[in-house]
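A look at the structure
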Amino acid sequence: MAEKTSQKRTESESNFTGIFDELGEFGRFQIFTYILLFLPVFITNMYTLNFIFTAAELDYRCLIGECEGPDAPYNSNATFLDYALPPGQESCRRFQYINSTEEECTAINFDHSKEIECSDFVYAGPEKTIVSEWDLTCTANEWKVSLVGTMNNVGQFIALPITGFFSDRYGRKTALIVGTMISGVFGMIKSFSVNYPMFLTLELLESALGSGAYSACFVFGMEAVGASKRLLGGVLITSTYALGQSFYGLIAMWTKDWRNMIRWAYAPAFLLVFYFWLMPESLRWLLASGRLHKARRLIKKIAKVNRVTLSEDSMKILDEKVAGSDRLPAEMSSEASPKNPYPLKTVLHSPILLCRLATCSFVWMTNAFVYYGLVLNSVAIGGDKYINFILICLIELPAFVICYLIVDRAGRRITLSVSLLIAGLSCLCQLFLPTEGSEAIKLVLFLTGKFSITVSFTTLYLFTNELFPTELRHSLMATCSMMGRLGGIVAPQTPLLGKYVEFLPMTLFFSTAFISSLIILQYPETLNTTLPDTVQEAEKIGDNSRGLFGVCWSKITGKEQR
């Protein structure tokens, strides 16, 4: 009985195609929805990379407490530094101080035959980060700095499937509001951390419980517009993503204090409490989850705001479907919980979707690894780290314009493959540059790589939404994005890795991007296809008789997919 009911609802969703067409692909109502989406997208993407500045490494040296006070400047002309610090070594050791009847802090006061570990440090510049707050310096503590970024991505790895399930079950609107506000709460608490373990724990909790809000925003945006406007919608959302990140760079440049920069970034999250009344729910989600009464009210509202009149046939279909849902038993009514409590089980019965999910996850992992790796390494290429970061973020804006111009012409598949290849090659070229005197060329290559991986990531978000059905869309996209977090988890370790094996980070970026550029060519093309609502519709996208997915189908079932 449950299976028959699910089938009826699925057929119902497909019968609303004409209504979607009549409501318009990007009318006044969709514009209003996107304006509301911009705030959560803008602020949540400041959270994903805030650790770049909160846990930024600073130049430092030993504090010679016997000769200077705790507020001593980093660049001191005091002559005792020549006697107290070993020349040409790391800033973590000093000579042993000895008592003497001579004048204090002269050469005779230091035993140059005995070096000891520094216990206190002096830091360069006006910046205050957790490194200077809790002395996370020297080889023994370097891993603690890179661990912050890793824990942030571990939290996202946990959050994405949870948010996907929550969104598919309770709605896109609820998922994005709750996720953003949870991030705001834990972010504000994090700014009052009293020690490193507390900070690290809150970094994980904030990310694990709230970082899925962006994916909910993106899915919401894709479901709100028509097929020909999905690329425009994706570009608008991802452009807001880049603006949010670059704005965080301005906050960091202005405050130069990790506690204040967190508070300025996270405070706006509490404005989303008003979204419970301002924001409508996704119409596609209401239909896919069987909430036809709410869907009918929303359809009439959209028609009114967009100034369109639904045809008599569309109104008849709408009224018939709502009336039909009223005749279902109570446990199957339109207001009951969604029809599929375990959506990912459905994928196990579809070899095509299963293969698509597996390879898509690897491509997501590559994109996240290269994307975050380039951003994290950009602050270490020389020059002003704030300007470098802002440029690396703003280079995404022309990338979005190029993406908008070519994706609907060249197609999703070719755009993804070529952009991944260019990103990989820009990383490979850096291996042939000299260590000194090539900062400008390195910056150009970083910008080229970030430009290309941005085109890839933007297309991938759009492509993933078009490959999977409405009833599973957020769950499967969240699964792909979750696997992508594996790349994000590794990326924060690459700056530390580069200190020991200089060529390895860029080699890894190139090799993974190159492999993914080949895998992408096996996907079906989704250009100008209708957004699938059911598993059956998703399986029929493109020509599944050829390529990797067709091979998977043939091997598992012993026959070709028609």
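As a starting point, this report considers the structure included with it.

The next subject is the overall build of the protein chain. Each helix and strand counted, the protein chain has 27 helices and 4 strands in total. Sequence-distant contacts, at least 24 apart, represent 80% of the contacts inside the protein chain between residues at least 6 apart.

Looking now at unusual backbone geometry. What is expected of a backbone is that most residues other than glycine have negative phi and most peptide bonds are trans. A positive phi angle, near 55°, is found at K256, a position not held by glycine. Relative to the assigned elements, K256 resides in the loop between α11 (230-255) and α12 (258-266). For R307, which is not glycine, the phi torsion reads 60° and is therefore positive. Tracing the chain through its elements places R307 in the loop between α15 (292-305) and α16 (312-326).

The terminal C-alpha atoms of helix α9 (residues 196-210), which comprises 15 residues, lie 21 Å apart, in line with the 21 Å expected from a rise of 1.5 Å per residue. Taken residue by residue, α9 has Y196, F199, L200, L202, E203, E206, S207, A208 and G210 as its buried positions. For α9, the side-chain oxygen to backbone nitrogen distance between the N-cap and M198 is 2.9 Å, and the N-cap itself is N195.

Let us now look at empty space enclosed by the protein. To find leftover empty space, one rolls a probe the size of a water molecule over the atoms. According to the stated counting rule, one finds 2 cavities of 30 Å³ or more in the structure shown. A per-class count over the lining of the largest cavity returns 10 nonpolar, 14 polar and 3 charged.

Right, let's get into the environment of P532. Residue placement: P532 occurs in the loop between α25 (504-520) and α26 (535-539). A residue is classified by how much of its surface remains accessible, and P532, at 3% relative accessible area, is buried. Along the backbone, P532 and N465 are 67 residues apart, and their C-alpha atoms lie at a distance of 9.2 Å. If we skip the residues at most four places from it in the chain, P532 touches E466, F468, P469, T470, R473, E537, A538 and I541.

The next subject is the side chain of K450. Within the fold, K450 resides in helix α22 (residues 439-467). Separated by 2.8 Å, the side chain of K450 and the backbone oxygen of I392 make a polar contact. Not counting the four nearest positions on each side in its chain, K450 is found in contact with Y371, L374, V375, I392, C393, I395 and E396.

Attention now goes to the environment of L486. Take L486: it is sitting in helix α23 (residues 473-490). With a relative accessible area of 30%, L486 lands in the partly exposed category. Residues L486 and F157, spaced 329 residues apart in sequence, show a C-alpha to C-alpha distance of 7.2 Å.

In this section: the packing of helix α8 (residues 172-190) against helix α10 (residues 213-224). The geometry of a pair of packed helices is captured by two quantities: the angle between their axes and the separation between those axes. At a minimum axis separation of 8 Å, α8 and α10 run at an interaxial angle of 150°. One element, α8, and the other, α10, form an angle in the roughly antiparallel class. With respect to the hand of their crossing, α8 and α10 are arranged in left-handed fashion. Residue-level contacts link R172, K173, A175, L176, G179 and T180 of α8 to A213, A216, C217, V219, F220 and E223 of α10. For the contact of α8 with α10, the residue count by class is 7 nonpolar, 2 polar and 3 charged.

According to the stated counting rule, one finds 2 disulfides in the structure shown. A sulfur-sulfur separation of 1.4 Å characterises the disulfide bridge that pairs C62 with C118. Classification of the bridge connecting C62 and C118 rests on its S-S torsion, roughly 65°, and on that basis the disulfide is right-handed. Of this pair, C62 sits in strand β1 (residues 60-62) while C118 sits in the loop between β3 (110-117) and β4 (121-123), placing them 56 residues apart in sequence. The residues C62 and C118 share a single accessibility class, namely buried. Residue C92 pairs covalently with C138 via a disulfide, S to S 1.9 Å. With the S-S bond torsion at -110°, the cross-link from C92 to C138 turns out left-handed. Of this pair, C92 sits in the loop between α5 (80-84) and β2 (93-97) while C138 is found in helix α7 (residues 138-170), placing the two residues 46 residues apart along the sequence.

It is worth spelling out the nonpolar core at this point. By size, the foremost hydrophobic cluster in this structure holds 120 residues, and its most contacted members are I64 and L176. The biggest single contributor to this core is helix α18 (residues 351-378), with 13 residues. Ignoring sequence-local partners within four residues, the contact set of I64 consists of F80, L81, A84, L85, R94 and F110. F29, L287, I299 and A303 belong to the second largest nonpolar core, which has 16 residues in total.

On inspection of all chains with the given rule, the structure shows 30 aromatic pairs. Here the aromatic rings of F121 and Y123 are separated by 6.5 Å at their centres, their planes lie at 45°, and the arrangement is tilted. Given the relative accessible area of 15%, Y123 is considered buried. Cluster of aromatic residues (ring-pair linked, three or more members): Y214, F218, Y241, W364, Y371, Y372, F457 and Y461. When the ring centre of F192 is taken as origin, the NZ or CZ atom of R263, which lies over that ring, is 4.2 Å away.

Procedures and definitions
- Residues numbered from 1 in each chain as written.
- Predicted model: local features only at pLDDT ≥ 70, side-chain atom pairs only at ≥ 80, totals over all residues.
- Heavy atoms only, no water.
- Helix = DSSP H or I, 4+ residues; strand = E, 2+ residues; numbered from the N terminus.
- Contact = heavy atoms within 4.5 Å.
- Expected span 1.5 Å × (residues − 1).
- Buried < 20%, exposed > 50% of the residue type's maximum accessible area, 1.4 Å probe, protein only.
- Polar contact = N/O pair within 3.5 Å; in protein donor to acceptor, adjacent residues only side chain to side chain.
- 1 Å grid on protein atoms, 1.4 Å probe; cavity = no way out; pocket = protein on both sides within 12 Å on 5 of 7 lines; lining within 4 Å.
- Points joined across faces, edges and corners; volume = space filled by probe spheres on them.
- Nonpolar A, V, L, I, M, F, W, Y, C, P; charged D, E, K, R; others polar.
- Axes fitted to C-alpha atoms, helices over the stretch in contact; angles between N-to-C directions.
- Parallel < 35°, antiparallel > 145°, perpendicular 65-115°, else oblique.
- Left-handed = near helix turned anticlockwise from the far one by under 90°.
- Disulfide = S-S within 2.5 Å.
- Core = buried A, V, L, I, M, F, W, Y, C linked by side-chain atoms within 4.5 Å.
- Phe/Tyr/Trp six-rings, centres within 6.5 Å; stacked < 30°, edge-to-face > 60°.
- Lys NZ or Arg CZ within 6 Å of the ring centre and 35° of its normal.

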